[in-house]
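A look at the structure
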Amino acid sequence: MTTRPERFGLTTIEAMACGTPVLAAAMGSMPEIVIDGVTGFLCAASRCRCKGTVAGRPGSPACRAHVEQTFSLERMIDRYLDAYAKALELRVPPPPTQSMLRARRHDWWDRPIAYTEIPPKPKNLKWL
């Protein structure tokens, strides 16, 4: 189970590749990786509890199939190349503003395990 806003849940994908369903807080990349009720369960960070079995039993073949279909080497390479091409076309990201540089002094993603007990990043950081 994860309660951190991961940028990409490699450990989540590794677990599903082994046929292990996951329980994850619906934050960060988890909603893009976990199919709620099929490859695991998504829940509010403050209320992550086991909700039952996945596809009738733990270790569902749906987990492995989802990883093979969605996160294969070929598919990931194609998606990265598409993202890089789009970024070059749009000339993004722009140079960082002074506000962005100040905010980088603290990595809001790098929080202790007790993530849910720490207040969220400031609302005035609109660019995040």
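Refer to the structure above for everything that follows.
Predicted model only: the values in this text are computed from it and were never measured. Throughout this description, residue numbers start from 1 for each chain and increase along the sequence as written. Owing to the predicted nature of the model, reporting of local features is limited to residues with pLDDT of at least 70; listing and counting of side-chain atom pairs is limited to 80 or more, with chain, interface and lining totals taken over all residues. Water and hydrogen atoms play no part in the side-chain values, which are based on all heavy atoms of the structure.

1. A closer look at the pairing of strand E1 (residues 22–25)
Each residue's exposure class comes from its accessible area (1.4 Å probe, protein chains only) as a fraction of the maximum for that residue type: buried when under 20%, exposed when over 50%, partly exposed otherwise. In this text, helices come from DSSP runs of H or I with a minimum length of four residues, and strands from runs of E with a minimum of two, each type numbered from the N-terminal end. Here E1 shows two buried faces, one formed by Val22 and Ala24 and the other by Leu23 and Ala25. A pair of strands counts as paired when DSSP detects no fewer than two bridges linking them. Examined bridge by bridge, E1 and strand E2 (residues 40–43) share four bridges and lie parallel to one another. Along E2, the bridge assignment pairs Val22 with Gly40.

2. With respect to the pattern of salt bridges
One side-chain nitrogen of Lys or Arg within 4 Å of one carboxyl oxygen of Asp or Glu is enough to make a salt bridge. Here the structure, examined in full by the defined rule, presents two salt bridges. When the shortest N-O distance is used, the salt bridge between Glu68 and Arg64 registers 2.8 Å. Note that Glu68 and Arg64 are positioned in helix H3 (residues 61–70) at a spacing of four residues, about one turn of the helix. On the accessibility criterion, Glu68 (46% relative accessible area) is partly exposed. Arg64 sits in the partly exposed class, given a relative accessible area of 40%. Among the salt bridges present, the one from Lys86 reaches Glu89, with a minimum N-O distance of 3.9 Å. Here the residue Lys86 and the residue Glu89 both occupy positions in helix H4 (residues 73–90), the gap between them amounting to three residues, near one helical turn. Judged by its relative accessible area of 43%, Lys86 is partly exposed.

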